[in-house]
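Inside the fold
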Amino acid sequence: MDMEQLTELAAPTAAHDPLLGLRTLARLRAETERIEAVPVRRARDNGATWLRTAAGLGVSKQAFHKRYAGRGLFGGRS
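The structure reproduced in this document is the subject of the present report. Each chain carries its own residue numbering, running from 1 in the direction its sequence is written. At least 70 in pLDDT is required for a residue's local features to be given in this predicted model, at least 80 for side-chain atom pairs to be given and counted, and no such filter applies to totals for whole chains, interfaces and linings, which use all residues. Values reported for side chains reflect all heavy atoms of the structure, with hydrogen atoms and water molecules removed beforehand.

1. Topic: the nonpolar core
What is meant by a nonpolar core is a set of buried Ala, Val, Leu, Ile, Met, Phe, Trp, Tyr and Cys residues, joined one to another through side-chain atoms within 4.5 Å. The rule is simple: take the accessible area with a 1.4 Å probe, protein chains only, and divide by the maximum for that residue type; under 20% is buried, over 50% is exposed, in between is partly exposed. By size, the foremost hydrophobic cluster in this structure holds 5 residues: Val 40, Trp 50, Ala 54, Phe 64 and Tyr 68. Comment: elements are numbered from the N terminus, with helices defined as DSSP H or I runs of at least four residues and strands as E runs of at least two. Counting only elements with at least two residues in this core, the list comes to helix H3 (50–57) and helix H4 (61–68).

2. Regarding the pattern of salt bridges
Two side chains that carry opposite charge are able to pair once their charged atoms sit near each other. One side-chain nitrogen of Lys or Arg within 4 Å of one carboxyl oxygen of Asp or Glu is enough to make a salt bridge. Throughout the structure, instances matching the rule amount to 2 salt bridges. Here Glu 31 and Arg 34 are joined by a salt bridge, their closest N and O atoms 2.5 Å apart. On the criterion of helical spacing, the pair formed by Glu 31 and Arg 34 is a turn pair, its members being 3 residues apart in helix H2 (residues 18–45). A residue is classified by how much of its surface remains accessible, and Glu 31, at 12% relative accessible area, is buried. Classification of Arg 34 as partly exposed rests on a relative accessible area of 46%. Ionic pairing is found between Glu 36 and Arg 67, a salt bridge with its closest N-O pair at 2.8 Å. Taken together, the positions of Glu 36 in helix H2 and Arg 67 in helix H4 put the pair 31 residues apart, joining distant regions of the chain.

Shown next as structure tokens:
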């Protein structure tokens, strides 16, 4: 998804209807998580440690593990 598509997707967050804004945020969150998973997988496949990958996301190692454990992104490494 490119910037233009993300901008279009985010537009309803400025709507006067807060429920529409919340639904839009949920869609944005799902899309962001999908986009995030790609470089996370690449980093892990290239041998980046949990700590370095977590730091790249600006989160703790524990938060990273909680988010990605069980998603098959660790290639059997811990």
